[in-house]
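Overview (structure and organization)
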Amino acid sequence: MNISTYTVKPKLPGPLKPLEEIARNLWLSWNYDAVQLFIRLDYDAWLESQQSPIRTLGMVSQERLAQAAKDDSYLAALKEVYERFQRYKKGDTWYRGSRKDVVAYFSMEYGMDVSLPIYSGGLGILSGDHMKTSSDMGLPLVGIGLLYRQGYFKQALNADGFQQETYPENDWYNMPVERKFGKDGNPIKISVDMAGRQAIAQIWEVKVGRSSLYLLDTNIEENAPDIRNVTAALYGGDKETRIQQEILLGIGGIRALRALGINPAATHMNEGHAAFLGLERVREIMTEKQFSFDEAREAVWPTNIFTTHTPVPAGNERFDIALMEKYFRQWPQILGISWKDFLGLGRVQANDDRETYCMTVLALKFAAYANGVAKLHGVVSREMWKGLWPGLPLEEVPIHHVTNGVHPRTWVSSGMVDLLDRYFGPHFEEEPTDLAIWDRMDRISDEELWRTHERRRERLVAFVRDRIREHHKRVGAVERRIREAEDALSPYALTLCFARRFATYKRGNLLLRDPERLLRLIKDNERPIQLIFAGKAHPHDMPGKDLIRDIIHFAEKYDVTSRIIFVENYDMTVARYLTSGGDVWLNTPRRPMEASGTSGMKAAMNGVLNCSILDGWWDEAYNAEVGWAIGQGEQYNDDQLQDDVESKALYDLLERDIIPLFYQRGRDGLPREWIKRMKTCMKEIGHSMSSHRMLMDYSNNFYFPALKNYRRIIKDDYAESKSLAAYFGKLRQSWDGIKIIRIDSNAKPVMQRGDALTVTARIELGPISPDELQVELYHGSVSNQSTEIKNARKTEMKAIGQEGSVHLFQVRIECADTGMQGHTIRILPKHAALVHPYRTGFIKWA
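Read on for a plain summary of the structure. (Residues numbered from 1 in each chain as written. Predicted model: local features only at pLDDT ≥ 70, side-chain atom pairs only at ≥ 80, totals over all residues. Heavy atoms only, no water.)

1. Details of the overall build of the chain
- On a plain count of helices and strands, the chain comes out with 30 helices and 28 strands.
- For the chain, the C-alpha atoms occupy an extent of roughly 95 × 70 × 50 Å along the three principal directions.
- Buried positions account for 58% of the 846 residues belonging to the chain.
- Contacts in the chain between residues at least 24 apart in sequence constitute 72% of all its contacts with a sequence separation of at least 6.
- Surface exposure of the chain reaches about 34,900 Å², of which carbon and sulfur atoms provide 47%.
- Put simply, the chain has 111 plus and 113 minus side-chain charges, and the middle of one group is 2 Å from the middle of the other. (Helix = DSSP H or I, 4+ residues; strand = E, 2+ residues; numbered from the N terminus. Buried < 20%, exposed > 50% of the residue type's maximum accessible area, 1.4 Å probe, protein only. Contact = heavy atoms within 4.5 Å. Areas by Shrake-Rupley, 256 points an atom, 1.4 Å probe, with all protein chains shown as cover. Lys, Arg positive; Asp, Glu negative; His and termini not counted. Charge placed at Lys NZ, Arg CZ, Asp CG, Glu CD.)

Structural data, given as structure tokens:
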């Protein structure tokens, strides 16, 4: 069938023209007064459009648009919103430097608004908040991702509580994305090789306030059907689909930026999915400058940032060698290296032919800057990947941490934002990087804060009742069950929420472990509790699906379906209701398997108190004034024992602390002590877990140094990179010949605090000069049970002379600590261009 296509856009009266510009910028997703403009036009259309502003404009009748164009009240609201939008785009920002070179942020998914469903969960929500915060701060950052025809699945439970998935098609022409066209009027396209065939992708732009996100799409006529399906679904298909998507994201993403005229001076890989970008960036420089692989790699390494989100080895993306050979067999020739060396780039043990190809390893080897997403996750990541730096003490493994954060104006409810704006002042919106503004929580009266929170709980209950009704109608329930939705939940009862991906390690059923004890709490007429669950299991995760069904069966078995509710199809809309309307946010992962988690941060900024295992972000944020900890950070080898101990600890917290505190009311009906914790929680978490704090950390520690490295490297036409490659080539040939011959010191069996300790090392260097090595005295406390040095300090030793072929290095330190002390010598690379001296295979100990 020969079909001619064209695009039809809404016909807006002149006074309403600003609506289209607002609708096509996701700035509205964190500005509720902008959302209200579309709700006021036609509330039914807004709901039917699934909260899509662009689709709403297309569904509203011309008659209604004409009415709105003459409504002075509506036009005044539109004028106020549009003027604020323009002030936002043109206003001063935290970053005021050059925008010539940008940081390119790569992520497999982005969760910015329910109207753009190209996200599955936490990783995407974080990426969305990253983009919004970058816009607030005016950072020179662009996003790169893929445009999925189906996005992630929609969840529905059958009458038995079993999860079923549907994959609705996205209609891009009614969503906030726009194709990019070249000066010739044709769509801008790029191509990448996929196993000998060219995959062509067009580029779409999403405007996010001041920032832009670019998405690649292979669903075009030039491609074969299987290539068109590369961007069919987020996390869909098999391993081959995954490698195709990651080739398109990493390699295609760099090419897309070039096609758009954007220079990715630094790149940030949000998880390992985009790690192939390192290969493409190296190829570019090799082609342009006629460099060797080593020279080009040294130019790329100082400008790459990698964030790992996975706390368990099995969660890291790996590809079989046969699949790598199918898609990358030509790359060694392009890069001028052997096939074995190419495979070694993705292996912990480069020469182990049994090891598969790991995207996390590839990313770590190509990035000078690497981080986990919470303080504890940084520790876990260093332990997991220490094999890449054999001989390096665990605390020095170059994987740092930047704790995740959330975008306050996206996740704090509109009612609460109004309250905060009144008491915090315009500074709260105009200078979001001034985190001290949260100290003004004490200005808010207990009465106003509690009434605002109670209204959110009431709205949550109403929302859940609507969802229950819809579910019962869909599964064909009898009329009695449908009417029961009217009595589901109480707007006055203590409400506990558990909402996240349903994976077994998150233990969504931990609170159900002792039915008798739980039922006693639920059925208490004077101090009742109620539970709301939400979350999706991966389509192939049967144990996760069983967890959901267990919750449904539990509620039905014990006749508490009005007090234990599972809300279907967890998405950003559901999340907003739960994180603002609950009273307690539950999180029960097996420590340390939660990398960070951010849902609890969203809840906390709304005054919802956390009750959680000390894992992820809560491990560093918890104190007794902001919530409750289940346990004390213990880790178990026996899962059953852990579940028994921690479920009992959770029941104890509820019975002895949480429930009594919530229902402890004064004569005015206010739970003053609970409200006090709410205020402290909002103050501390708003200050420490804002995404603006997160982006300031990324900017100061990674982005700005990486951009500075780039400008320094290109200033002398990459001479520094060539010098560094030559240095490591020389060092590689000479490394085995470097020997620590002898260590002498003036140490006595017993030294006094304040005594001077002089240590001299005799080292054979071969052709390496003394100023090309970092020789360090490694010293600190030594326990009776171990010869390992604890809380070690490193002091650089200076070259003081030469005896034949042996060089002398010496240092003098003061004996500052008492107890058993020890020292040794180590040697590391030293070059002015090194971001850090920790390179695989280059550390030598005495």
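What follows picks up the thread again.
2. Focus: the packing of aromatic side chains
- The tally for this structure, following the rule as stated, stands at 37 aromatic pairs.
- Taking 6.3 Å as the distance between ring centres and 65° as the angle between the ring planes, the aromatic pair formed by Tyr105 and Tyr110 counts as edge-to-face.
- Classification of Tyr105 by relative accessible area gives buried; the value is 0%.
- With relative accessibility at 1%, the residue Tyr110 sits in the buried group.
- Aromatic pair Phe342 and Tyr357: ring centres 6.0 Å apart, planes at 20°, arrangement stacked. Here Phe342 is found in helix H14 (residues 339-344), whereas its partner Tyr357 is found in strand E12 (residues 357-358), with 15 residues between them in sequence. For the pair shown, Phe342 and Tyr357 are each scored as buried.
- The aromatic ring of Trp411 is capped on one face by Arg576, whose charged end is 5.3 Å from the ring centroid.
- Residue placement shows Lys602 over the ring face of Trp411; its charged tip is 4.4 Å from the ring centre. (Phe/Tyr/Trp six-rings, centres within 6.5 Å; stacked < 30°, edge-to-face > 60°. Lys NZ or Arg CZ within 6 Å of the ring centre and 35° of its normal.)

3. Section: helix H2 (residues 32-41)
- Among all positions of H2, only Ala34, Val35, Leu37, Phe38, Ile39 and Leu41 are buried.
- Summarising the contacts, the buried residues of H2 are in contact with helix H1 (18-23), helix H3 (43-48), helix H4 (53-59), helix H5 (62-69) and helix H6 (72-90).

4. Here's the deal with helix H16 (residues 375-385)
- Among the eleven residues of H16, eight are classified as buried, and the element is accordingly described as predominantly covered.
- Listed as buried for H16 are Leu376, His377, Gly378, Val380, Ser381, Arg382, Met384 and Trp385.
- Summarising the contacts, the buried residues of H16 are in contact with E12, helix H15 (359-366), strand E13 (369-372), strand E14 (400-401) and helix H26 (618-621).

5. A look at the sheet that holds strand E19 (residues 609-613)
- Read from one edge to the other, the open sheet built from six strands follows the order E17-E16-E15-E18-E19-E20, with strand pairing classed as parallel. Each having just a single partner strand, strand E17 (564-567) and strand E20 (627-630) make up the two edges of the open sheet. Sheet twist, expressed as the average angle between the axes of neighbouring strands with direction ignored, equals 20°.
- Two elements, E19 and E20, share four bridges in a ladder whose sense is parallel. (Pairing = 2+ DSSP bridges. Axes fitted to C-alpha atoms, helices over the stretch in contact; angles between N-to-C directions.)

6. What about the sheet that holds strand E27 (residues 821-829)?
- With antiparallel pairing, the four strands of this open sheet are ordered in space as E24-E23-E27-E28. In the strand order of this sheet, the two ends are held by strand E24 (789-796) and strand E28 (844-845), each with one partner.
- Bridge analysis of strand E23 (residues 773-782) against E27 gives nine bridges, and the strand direction is antiparallel. Within E27, the residue paired with Ser781 across the bridge is Gln821.

7. Re the pattern of salt bridges
- Summed over all chains, the structure comprises 69 salt bridges.
- With a closest N to O distance of 3.3 Å, Asp160 and Arg549 form a salt bridge. Here Asp160 is found in the loop between strand E3 (154-157) and strand E4 (163-166), whereas its partner Arg549 is found in helix H23 (residues 542-557), with 389 residues between them in sequence.
- The exposure class of Arg549 is partly exposed, given its relative accessible area of 24%.
- We note a salt bridge from Glu325 to Arg329, for which the minimum N-O separation is 3.1 Å.
- Using a relative accessible area of 40% as the deciding quantity, one classes Arg329 as partly exposed.
- Counted as one network, the salt bridges with shared partners bring together Arg507, Arg513, Arg590, Asp639, Asp643, Asp644 and Glu646. (Salt bridge = Lys/Arg side-chain N within 4 Å of Asp/Glu carboxyl O.)

8. Side note on the packing of helix H9 (residues 239-259) against helix H10 (residues 277-289)
- The contact between H9 and H10 brings their axes to 7 Å, and the two run at 50°. Taken together, the axes of H9 and H10 are oblique relative to one another. By crossing handedness, the relation of H9 to H10 is classed as right-handed. Along the contact surface, H9 presents Gly250, Ile251, Ile254, Arg255 and Arg258, while H10 presents Leu277, Glu280, Arg281, Arg283 and Glu284.
- The class makeup of the residues in the contact of H9 with H10 is three nonpolar, one polar and six charged. (Parallel < 35°, antiparallel > 145°, perpendicular 65-115°, else oblique. Left-handed = near helix turned anticlockwise from the far one by under 90°. Nonpolar A, V, L, I, M, F, W, Y, C, P; charged D, E, K, R; others polar.)

9. Here we look at the environment of Val806
- Along the chain, Val806 falls in strand E26 (residues 806-814).
- Excluding residues within four positions of it along the chain, Val806 makes contact with Arg762, Ile763, Glu764 and Gly801.

10. Considering the nonpolar core
- Leu19, Phe276, Leu279, Phe328 and Phe342 are the most contacted members of the largest nonpolar core, which totals 177 residues.
- Residue contributions to this core peak at ten residues, all from helix H29 (residues 691-715).
- With near-sequence residues (within four places) excluded, Phe328 lies in contact with Ile243, Ile247, Ile251, Phe276, Leu279, Trp339 and Phe342. (Core = buried A, V, L, I, M, F, W, Y, C linked by side-chain atoms within 4.5 Å.)

11. Observations concerning the side chain of His309
- When you line up the elements, His309 lands in the loop between strand E10 (304-307) and strand E11 (318-319).
- A distance of 2.6 Å separates a polar atom in the side chain of His309 from a polar atom in the side chain of Asn270.
- In contact with His309, other than residues within four places in its own chain, are Leu123, Leu126, Asn270, Glu271, Val373, His377 and Ala595. (Polar contact = N/O pair within 3.5 Å; in protein donor to acceptor, adjacent residues only side chain to side chain.)

12. Regarding unusual backbone geometry
- A cis amide bond links Arg591 to the next residue, Pro592, at an omega of 5°.
- Looking at the element boundaries, Pro592 is found in the loop between strand E18 (584-587) and helix H25 (599-605).
- Backbone geometry places Gln51, a non-glycine residue, at a positive phi of 60°.
- Within the element layout of this structure, Gln51 appears in the loop between H3 and H4.
- Residue class for Gln51 comes out partly exposed when judged on its relative accessible area of 25%.
- Positive phi outside glycine occurs at Gln290, with the angle close to 60°.
- In this fold, Gln290 is placed in the loop between H10 and helix H11 (293-300).

13. Observations regarding the environment of Asp160
- The exposure class assigned to Asp160 is partly exposed, which follows from its relative accessible area of 35%.
- Separated by 390 residues in sequence, Asp160 and Asp550 have C-alpha atoms that sit 9.8 Å apart.
- Discounting residues that sit within four places of it in the chain, Asp160 has contacts with Arg549 and His553.
- A polar side-chain atom of Asp160 sits 3.3 Å from a polar atom in the side chain of Arg549.
- Reaching out from Asp160, the side chain makes a polar contact with the side chain of His553 at a distance of 2.9 Å.

14. Structural notes on the packing of helix H22 (residues 515-522) against helix H27 (residues 639-663)
- As a packed pair, H22 and H27 sit with axes 11 Å apart at the nearest point and diverge in direction by 20°. As the angle between them shows, H22 and H27 are arranged roughly parallel. Judged by the sense of rotation from one axis to the other, the crossing of H22 with H27 is left-handed. Taken together, the residues of H27 that come into contact with H22 (itself represented by Arg517, Leu518, Arg520 and Leu521) are Lys648, Tyr651, Asp652, Leu654, Glu655 and Ile659.

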